[in-house]
Amino acid sequence: AYQFTEQFGIRSYIYGHDESFSDSSQVRLHLFSDPDLHDGKALMRISNMNAMENNRDGLPLQFCCEQMLKNETAKNLYVITISDGAPAAEAYGFTNGRADIQNVIRKYSRMGINFITAGVGSDCENIKAIYCDGLDRVAADYLSIEDPGKLAKTFVGILKKKMAA
């Protein structure tokens, strides 16, 4: 995805996040790529990305939306999440996580941000339920990554649909 955005001159931010088992009140954001950070190391940071501990997705989503609204002038803004599992943080499982995430998606989709969520692995149905079920299709789209070879083609299809709407 990073190389795709670079190739077409699309400004993109790539973050990861987790929450420490030892301090459940601390969500940690990990910056992998920022369009204004020209250190030539983004691809290295992305290629060294790995699974982390707990995930409390609502706050990082909100942070990313605020960053985009503050720093970007583009007409079409997209937040793309890639998840390998349902929220897993203290007192933030499926029910609380879903409510939090969907509140963020509702709020920022009204401000013009588009959301696309990609599910990876065996928890895809839960990821779709958390990020999309019960929301207006305009607010959030779902992309299953069962076949990573089809990711780019499927993603471009979703973008074309959203931009035509």
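Each remark here, short or long, concerns the structure printed above.
So, a few notes on the structure that sits alongside this text. (Residues numbered from 1 in each chain as written. Predicted model: local features only at pLDDT ≥ 70, side-chain atom pairs only at ≥ 80, totals over all residues. Heavy atoms only, no water.)

**Focus on the overall build of the protein chain**
And then number 1: Summing up its helical and strand segments, the protein chain has six helices and five strands in all.
And then number 2: Mapped in sequence order, the helices and strands of the protein chain form the string α-β-β-α-α-β-α-β-α-β-α.
And then number 3: Compactness check: the protein chain gives a C-alpha radius of gyration of 15 Å against a globular reference of 15 Å for 165 residues, within 12% of the reference.
And then number 4: Projected onto the principal axes, the alpha-carbon positions of the protein chain cover approximately 40 × 35 × 35 Å.
And then number 5: Across the 165 residues that make up the protein chain, the buried fraction comes to 41%.
And then number 6: Taking all contacts inside the protein chain whose residues are at least 6 apart in sequence as the whole, residues at least 24 apart take part in 66%.
And then number 7: Carbon together with sulfur atoms contributes 53% to the accessible area of the protein chain, which is approximately 9,700 Å² in total.
And then number 8: Between the mean site of the 18 positive side-chain charges and the mean site of the 21 negative ones, the protein chain shows a separation of 8 Å. (Helix = DSSP H or I, 4+ residues; strand = E, 2+ residues; numbered from the N terminus. Rg over C-alpha atoms; globule rule 2.2 N^0.38 Å. Buried < 20%, exposed > 50% of the residue type's maximum accessible area, 1.4 Å probe, protein only. Contact = heavy atoms within 4.5 Å. Areas by Shrake-Rupley, 256 points an atom, 1.4 Å probe, with all protein chains shown as cover. Lys, Arg positive; Asp, Glu negative; His and termini not counted. Charge placed at Lys NZ, Arg CZ, Asp CG, Glu CD.)

**Quick word on helix 4 (residues 94–109)**
An α-helical turn contains 3.6 residues, so a residue and the one three or four places further along point in the same direction.
And then number 1: With 16 residues, helix 4 should reach 22 Å at 1.5 Å per residue; the first-to-last C-alpha distance of 22 Å fits that figure.
And then number 2: Among all positions of helix 4, only Gly97, Ile101, Gln102, Val104, Ile105 and Tyr108 are buried. The buried residues of helix 4 occupy an angular sector of 155° when projected down its axis, which confines them to one face.
And then number 3: Lining the buried residues of helix 4 we find helix 3 (58–71), strand 4 (113–119), helix 5 (124–131) and strand 5 (140–144). (Expected span 1.5 Å × (residues − 1). Arc of directions from axis to C-beta.)

**Regarding the side chain of glutamate 72**
And then number 1: Locating glutamate 72 in the fold gives a position in the loop between helix 3 and strand 3 (77–83).
And then number 2: A polar contact is formed between the side chain of glutamate 72 and the side chain of tyrosine 13, at a distance of 2.4 Å.
And then number 3: Sequence-distant contacts of glutamate 72, defined by excluding residues within four places in its chain, comprise Arg11, Tyr13, Pro35 and Leu77. (Polar contact = N/O pair within 3.5 Å; in protein donor to acceptor, adjacent residues only side chain to side chain.)

**Let's talk about unusual backbone geometry**
And then number 1: Phi angles above zero are rare outside glycine, and alanine 91 is one such case at about 60°.
And then number 2: Within the secondary structure, alanine 91 sits in the loop between strand 3 and helix 4.

**Structural notes on the pattern of salt bridges**
And then number 1: Counted under the stated rule, the structure contains five salt bridges.
And then number 2: As a salt-bridge pair, aspartate 36 and arginine 11 come within 3.1 Å of each other at their nearest N and O atoms. Taken as a pair, aspartate 36 in the loop between strand 2 (27–33) and helix 2 (42–47) and arginine 11 in the loop between helix 1 (2–7) and strand 1 (14–19) lie far apart in primary sequence, 25 residues in all.
And then number 3: The shortest N-O distance in the salt bridge between arginine 11 and glutamate 72 comes to 2.8 Å. (Salt bridge = Lys/Arg side-chain N within 4 Å of Asp/Glu carboxyl O.)

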